[in-house]
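An overview of the molecular structure
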Amino acid sequence: EAARSEAAAARAEADRLTDAIRTAREGLAGKQRAAAAIKNAGAAAAALAAASDSGDLVGYVGRLGDLGSIDPAYDAAVSSACPALDNFVVTDTAAAQRCVDLLRKGKLGVATFLILDKQAGLAKAASRPGSPPESAPRLYDLIRPASPDLAPAFFYATRDTVVAADLEQATRIAYGPDRRWARAVTLAGEL
């Protein structure tokens, strides 16, 4: 009877350890995929920049996050609210197709491209009058593009996101009566 009880306890412990191993392997696989994605993104950016610098890739502008600047106080806010900062900017559809072909040929993964000539209409939307509630600045207005031609791409990435001092203010703005300002991010990067 004691041996049976001991065997049942050992089976239960083996099942628990099997589950722990499976969970650890899944976590490791996820981290390996994330690391590979980061490595591929860096390789894609390097290949596109090299082809552009050599003159083989006409119309490639660069990674959106590298094409503008912002005061360091707003760095966490822009990083959290703008995943599009990792997108690549190109002048037109043909340039985007050339970039995709280069990435495909080099087996460098996939990328998202912001096509400037398709975003021309956003320039008007970016300059709409109106001030956010509680005098919170609009994230778009805090970014300094390297060139005025890039402003629509930054507006595409940020839209009318407002930067709030804290989560309480962000909640008041986001859930307030004016739905235009429905997206708010704190200085700490909380959306």
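Provided above is the structure to which this section pertains.
Everything in this summary refers to the structure shown in the same document. A quick note: this is a predicted structure, and the numbers were derived from the prediction, not measured. (Residues numbered from 1 in each chain as written. Predicted model: local features only at pLDDT ≥ 70, side-chain atom pairs only at ≥ 80, totals over all residues. Heavy atoms only, no water.)

Let's shift gears to the overall build of the protein chain. Across its full length, the protein chain carries 7 helices and 7 strands. Counted from the first residue to the last, the protein chain has its helices and strands arranged as α-β-β-α-β-α-β-α-α-β-α-β-α-β. Taken against the 2.2 N^0.38 rule, which gives 16 Å for 191 residues, the C-alpha radius of gyration of the protein chain at 24 Å runs more than 25% over that of a compact globule. Counting contacts in the protein chain only where the partners sit at least 6 residues apart, residues at least 24 apart contribute 65% of the total. Within the structure as shown, the protein chain displays about 11,500 Å² of accessible surface, and the carbon and sulfur contribution to it stands at 57%. Taken together, the 23 basic and 23 acidic charged side chains of the protein chain have centroids lying 6 Å from each other. (Helix = DSSP H or I, 4+ residues; strand = E, 2+ residues; numbered from the N terminus. Rg over C-alpha atoms; globule rule 2.2 N^0.38 Å. Contact = heavy atoms within 4.5 Å. Areas by Shrake-Rupley, 256 points an atom, 1.4 Å probe, with all protein chains shown as cover. Lys, Arg positive; Asp, Glu negative; His and termini not counted. Charge placed at Lys NZ, Arg CZ, Asp CG, Glu CD.)

Here helix α3 (residues 93-105) contains 13 residues, and its C-alpha end-to-end distance of 18 Å stays within 8% of the 18 Å for a straight helix at 1.5 Å per residue. Turning to α3, its buried residues number three or more, namely Ala95, Ala96, Cys99 and Leu103. For α3, the buried positions fall inside an angular range of 100 degrees around the axis, keeping them on one side. Seen from the open side of α3, the exposed residues pointing more than 90 degrees away from its buried face are Arg104 and Lys105. Where α3 terminates, the next one or two residues include lysine 107, which has phi positive at roughly 50 degrees. (Expected span 1.5 Å × (residues − 1). Buried < 20%, exposed > 50% of the residue type's maximum accessible area, 1.4 Å probe, protein only. Arc of directions from axis to C-beta.)

Where side chains of opposite charge bring their charged atoms close, a pairing between them can arise. Overall, the coordinates contain 9 salt bridges when judged by the stated rule. The closest approach of N and O atoms between arginine 16 and glutamate 13, which form a salt bridge, is 2.6 Å. Of this pair, arginine 16 and glutamate 13 are both found in helix α1 (residues 2-53), 3 residues apart, which corresponds to roughly one turn of the helix. A residue is classified by how much of its surface remains accessible, and arginine 16, at 48% relative accessible area, is partly exposed. Of the charged contacts in the structure, one is a salt bridge between arginine 172 and glutamate 168, with a shortest N-O distance of 3.2 Å. (Salt bridge = Lys/Arg side-chain N within 4 Å of Asp/Glu carboxyl O.)

The next subject is the packing of aromatic side chains. Taken as a whole, this structure holds 3 aromatic pairs when the rule is applied. Where tyrosine 60 meets phenylalanine 88, the ring centres are 6.1 Å apart and the plane angle is 50 degrees; that geometry is what we call tilted. Remark: phenylalanine 88 occurs in strand β3 (residues 88-90) and tyrosine 60 occurs in strand β1 (residues 60-63); sequence separation between them is 28 residues. Like tyrosine 60, the residue phenylalanine 88 is buried in the burial classification. Both rings, one in tyrosine 140 and one in phenylalanine 155, keep their centres 5.3 Å apart while their planes meet at 85 degrees; by these two values the pair is edge-to-face. Residue tyrosine 140 is located in helix α5 (residues 139-142), and its partner phenylalanine 155 is located in helix α6 (residues 151-158); the two are separated by 15 residues in the primary sequence. Each member of the pair, tyrosine 140 as well as phenylalanine 155, is classed as buried. (Phe/Tyr/Trp six-rings, centres within 6.5 Å; stacked < 30°, edge-to-face > 60°.)

Attention now goes to the side chain of threonine 186. Checked against the element boundaries, threonine 186 lands in strand β7 (residues 184-186). Since its relative accessible area comes to 1%, threonine 186 is described here as buried.

Burial analysis of α6 places 7 of its 8 residues in the buried class, which makes it a mostly covered element. Taken together, the buried positions of α6 are occupied by Ala151, Pro152, Ala153, Phe154, Phe155, Ala157 and Thr158. Against β2 (68-69), α2 (75-81), β4 (113-115), α4 (122-126), α5 and β5 (144-145) lie the buried residues of α6.

As a further point, take unusual backbone geometry. A positive phi angle, close to 50 degrees, is found at lysine 107, a residue other than glycine. Looking at where lysine 107 falls in the secondary structure, it is placed in the loop between α3 and β4. Residue classification places lysine 107 among the exposed positions, given a relative accessible area of 77%. Of note in the backbone geometry, glutamate 134 takes a positive phi value of approximately 60 degrees without being a glycine.

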